[in-house]
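Here are the chains, one letter per residue:
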Amino acid sequence: MTRRRTLELHRHSLTEIRGIMNSMKTLAYLETRKLARFLDAQQAVVSSIEAAAADLLGFHPDILPEAQAATPVLLLIGADRGFCGDFNRALLRHLESTRQAQPPGDPTLIAIGRKLHTLLDGDARVAAWIEGACLVEEITSVLNQLADEIISLQSKHGAIEVFCVYHGAEDSIVMQRLLPPFQGLAGKTPDYSCPPLLNLSPAAFLIELTDQYLFANLHAMLYTSLMIENHHRVTHLEGAVKHLDNQSEDLDRQCNALRQEEIIEEIEVILLSATSPGE
């Protein structure tokens with residue numbers, strides 16, 4: 001009886017844990033659906049800014065700043081919460097495996113996400129730690145902190161070139177240039193025969209466009225990373241829920257077997273009592 005009771009308590013605990021994990025999985029799935037809507041709109045904004053920059057540089061290629069020596073800065077977008085498998089470790093593996101493809105020099109890192117902070121603890125390359133977003137509504141706050149850190153690094157180092165390393169798809173990690181932008185657009189044939197009509201000088205307009213592009217692109221990257229993170233979380237928690245279901249089924253079988261043994265013992269006691277002398 002005592003062993004069966006212990007198994008039933010264990011099964012009850014697993015049922016409660018299973019319910020919590022299943023709720024977390026549902027919330028993560030709902031977040032991916034919400035992020036998908038935001039991401040489509042944000043990618044459209046990025047594409048429109050790139051098209052405007054291409055038109056501008058098609059007629060004014062000389063306004064694009066010339067390449068110069070700059071301090072490389074890598075933004076690493078990790079996860080702020082757990083239950084997402086090797087989401088953060090995959091970032092670091094990619095960072096180490098692509099050293100030759102990275103800009104020359106020892107890069108300065110900005111780490112986003114508390115779980116990533118744990119893995120990079122003690123790394124001298126990290127110049128700033130930023131808590132990541134758990135919900136789409138928190139991305140603006142992360143972006144504002146990130147912008148402050150970039151401005152701070154520009155004040156400290158002068159010219160910087162910024163790259164972002166993040167989960168750009170379910171099974172791939174991307175390293176994408178953020179600053180300076182539009183490097184591949186100069187010299188391309190414009191789509192229109194007439195130059196764009198501007199209220200600012202072309203150089204001033206490019207500066208304003210760069211600011212808009214940086215914020216729009218960072219929004220898209222943060223949305224993408226958070227969506228992939230939640231995809232990982234759904235998959236990870238789904239596996240955990242199935243494992244708990246299997247454990248519960250095994251405990252059910254053990255409890256049923258013990259109950260059957262108890263019933264047999266009770267029947268034997270009854271039969272022995274019925275056949276005892278003097279009864």
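A brief report on the enclosed structure follows. (Residues numbered from 1 in each chain as written. Predicted model: local features only at pLDDT ≥ 70, side-chain atom pairs only at ≥ 80, totals over all residues. Heavy atoms only, no water.)

## Focus: the nonpolar core
(1) Moving on: With 30 residues, the main nonpolar core has L75, I110, I139, L146 and L178 as its most contacted residues.
(2) Moving on: Among the elements of the structure, α1 (2-59), β1 (71-77), β2 (108-112), β3 (126-130), α4 (139-157), β4 (160-169), β5 (172-179) and α5 (202-275) are those that each provide at least two residues to this core.
(3) Moving on: It is α5 that contributes the most residues to this core, seven residues altogether.
(4) Moving on: Discounting residues that sit within four places of it in the chain, L178 has contacts with L75, V162, F163, C164, L214, N217, L218 and M221. (Core = buried A, V, L, I, M, F, W, Y, C linked by side-chain atoms within 4.5 Å. Buried < 20%, exposed > 50% of the residue type's maximum accessible area, 1.4 Å probe, protein only. Helix = DSSP H or I, 4+ residues; strand = E, 2+ residues; numbered from the N terminus. Contact = heavy atoms within 4.5 Å.)

## Side note on the sheet that holds β2
(1) Moving on: Pairing is mixed in the open sheet, where five strands are placed in the order β3-β2-β1-β4-β5. This sheet does not close on itself; its edge strands, each paired only once, are β3 and β5. For this sheet, the mean angle separating the axes of adjacent strands, direction not counted, is 20°.
(2) Moving on: Here β4 runs beside β5; their pairing, made up of seven bridges, is antiparallel. The residue of β5 that forms the bridge with H167 is I173.
(3) Moving on: Here helix α2 (residues 87-97) sits on the sheet in contact with β1, β2, β4 and β5, set at roughly 130° to β4.
(4) Moving on: Relative to β4, α5 is tilted by about 30°, and along the sheet it contacts β1, β4 and β5. (Pairing = 2+ DSSP bridges. Axes fitted to C-alpha atoms, helices over the stretch in contact; angles between N-to-C directions.)

## Description of the packing of aromatic side chains
(1) Moving on: Overall, the coordinates contain two aromatic pairs when judged by the stated rule.
(2) Moving on: Between the aromatic rings of F38 and Y223, the centroid separation amounts to 5.6 Å while the plane-to-plane angle is 45°, which identifies the pairing as tilted. Of this pair, F38 sits in helix α1 while Y223 sits in helix α5; the two residues are 185 residues apart in sequence, bridging distant segments of the chain.
(3) Moving on: On the basis of relative accessible area, Y223 is assigned to the buried category, the value being 7%.
(4) Moving on: Look at F182 and Y213: their rings are 4.8 Å apart centre to centre, the planes differ by 45°, and that puts the pair in the tilted class. Of this pair, F182 sits in the loop between β5 and α5 while Y213 sits in helix α5, placing them 31 residues apart in sequence. Of the two residues examined, F182 and Y213, each falls in the buried class. (Phe/Tyr/Trp six-rings, centres within 6.5 Å; stacked < 30°, edge-to-face > 60°.)

## Some words on the side chain of S225
(1) Moving on: You can see S225 is positioned in helix α5.
(2) Moving on: Its relative accessible area of 1% is what places S225 among the buried residues.

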